[in-house]
Amino acid sequence: GTMSVSQTTYDVEDQDLAGEPDRVLGFDVEASGSDVRVTNVRVRFTAAVDSGASDRLADYASEISIWADGQKIASMAPSSFVRDSSGVYSASIPVAQIVRMGSSNDVKFHVGMTAVTSVDSDNDGSTNDWSVNLVQTRYSDPTGATLFDTTSGVTNSGVYVDRLSTSSDVKLRMGEGSGNPKAG
């Protein structure tokens, strides 16, 4: 069997709030010929930050995760990523996800990023972007063959971290719950 990979923007966020997990890259996987098992997702993070900001992934993220159809299936600490000589971080994150054959059975994968709870003021905001790229997806077919998909162009080049104190998206919702005690 084979699989195809295509980018999706469904449920993908650019802004990652401090301490919050957000899905920063999305891709659909569809199997043809037979079911396949996705066994590994290789991702790359590249900094495009201001001169005073850090270019260390661990200064922005406490966890990188892989999600399949809304369920977290794997995670890795940024400290486990390999940084190359040009400052690009990459890692192969092991997963175990079956994708059933047929176009109606595609699986929506997401790369998640949990922002650190304490973001330095030099590192927050949309001028300190990270590009997130899907580099490779490893999978196996029913014969046991290990195959690779290297679909290019699955990327989000505008990911950034914001402190809650600078976000305009913070909302408080209150309501009377059914379990509240009655006076008297």
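Let me begin by describing the structure that accompanies this report. (Residues numbered from 1 in each chain as written. Predicted model: local features only at pLDDT ≥ 70, side-chain atom pairs only at ≥ 80, totals over all residues. Heavy atoms only, no water.)

### Quick look at the side chain of R23
- Of note, R23 is situated in strand β3 (residues 21-32).
- A distance of 2.5 Å separates the side chain of R23 from the side chain of D11, its partner in a polar contact.
- Those residues in contact with R23 that sit more than four places away from it in its chain are D11, V12, E13, W67, G70, H110, V111 and G112. (Helix = DSSP H or I, 4+ residues; strand = E, 2+ residues; numbered from the N terminus. Polar contact = N/O pair within 3.5 Å; in protein donor to acceptor, adjacent residues only side chain to side chain. Contact = heavy atoms within 4.5 Å.)

### Observations concerning the packing of aromatic side chains
- The full count for this structure, using the stated rule, is four aromatic pairs.
- A ring pair is formed by F45 and F81, whose centres lie 5.9 Å apart and whose planes are at 80°; its orientation type is edge-to-face. Placement of F45 in strand β4 (residues 36-48) and of F81 in the loop between β6 (71-76) and β7 (82-83) is noted, with a sequence separation of 36 residues between them. Accessibility classification places F45 together with F81 in one group, the buried group.
- Each ring, one from Y89 and one from W130, has its centre 6.2 Å from the other, and the planes form 55°; the classification is tilted. Residue Y89 is located in strand β8 (residues 89-99), and its partner W130 is located in strand β10 (residues 129-140); the two are separated by 41 residues in the primary sequence. By the burial criterion, Y89 is buried, and W130 matches it.
- An aromatic cluster of three or more residues is present, and its members are Y60, Y89 and W130.
- For the cation-ring pair, R23 lies above W67, with the distance from its terminal atom to the ring centre recorded as 4.2 Å. (Phe/Tyr/Trp six-rings, centres within 6.5 Å; stacked < 30°, edge-to-face > 60°. Buried < 20%, exposed > 50% of the residue type's maximum accessible area, 1.4 Å probe, protein only. Lys NZ or Arg CZ within 6 Å of the ring centre and 35° of its normal.)

### Observations regarding the nonpolar core
- Core analysis: the biggest nonpolar cluster contains 39 residues, and F27, F45, F81, F109, V111 and M113 have the highest contact counts within it.
- Setting aside residues up to four positions removed in sequence, F81 forms contacts with V43, F45, L57, I64, M76, Y89, S90, A91 and I93. (Core = buried A, V, L, I, M, F, W, Y, C linked by side-chain atoms within 4.5 Å.)

### Some words on the side chain of N156
- As for its position among the elements, N156 is in strand β12 (residues 155-162).
- A distance of 2.9 Å separates a polar side-chain atom of N156 from the backbone oxygen of V24.
- Non-local contacts of N156, meaning those with residues more than four positions away in its chain, are made with V12, E13, D14, V24, L25, W130, S131 and V132.

### Re the sheet that holds strand β5 (residues 61-68)
- Read across the open sheet, the five strands follow the order β1-β3-β9-β5-β6; overall the sheet is antiparallel. Here the strands that pair on one side only, and so sit at the sheet edges, are β1 (2-8) and β6. Looking at each pair of strands side by side, their axes are set apart by 25° on average, direction ignored.
- Alignment of β3 against strand β9 (residues 107-115), held across eight bridges, turns out to be antiparallel. Bridge pairing in β9 places R23 opposite G112. (Pairing = 2+ DSSP bridges. Axes fitted to C-alpha atoms, helices over the stretch in contact; angles between N-to-C directions.)

### Observations concerning the pattern of salt bridges
- Evaluated as defined, the whole model comprises five salt bridges.
- Among the salt bridges present, the one from D11 reaches R23, with a minimum N-O distance of 2.5 Å. Residue D11 is located in the loop between β1 and β2 (15-17), and its partner R23 is located in strand β3; the two are separated by 12 residues in the primary sequence.
- Classification of D11 as partly exposed rests on a relative accessible area of 37%. (Salt bridge = Lys/Arg side-chain N within 4 Å of Asp/Glu carboxyl O.)

### What to know about the environment of T114
- Its location among the elements puts T114 in strand β9.
- A residue is classified by how much of its surface remains accessible, and T114, at 12% relative accessible area, is buried.
- Along the primary structure T114 and D22 are separated by 92 residues, whereas in three dimensions their C-alpha atoms are 6.2 Å apart.

### Concerning unusual backbone geometry
- Of note in this structure, D11 is not a glycine but carries a positive phi near 60°.
- At D69, a position not held by glycine, the phi torsion is positive, near 50°.
- Here D69 is to be found in the loop between β5 and β6.

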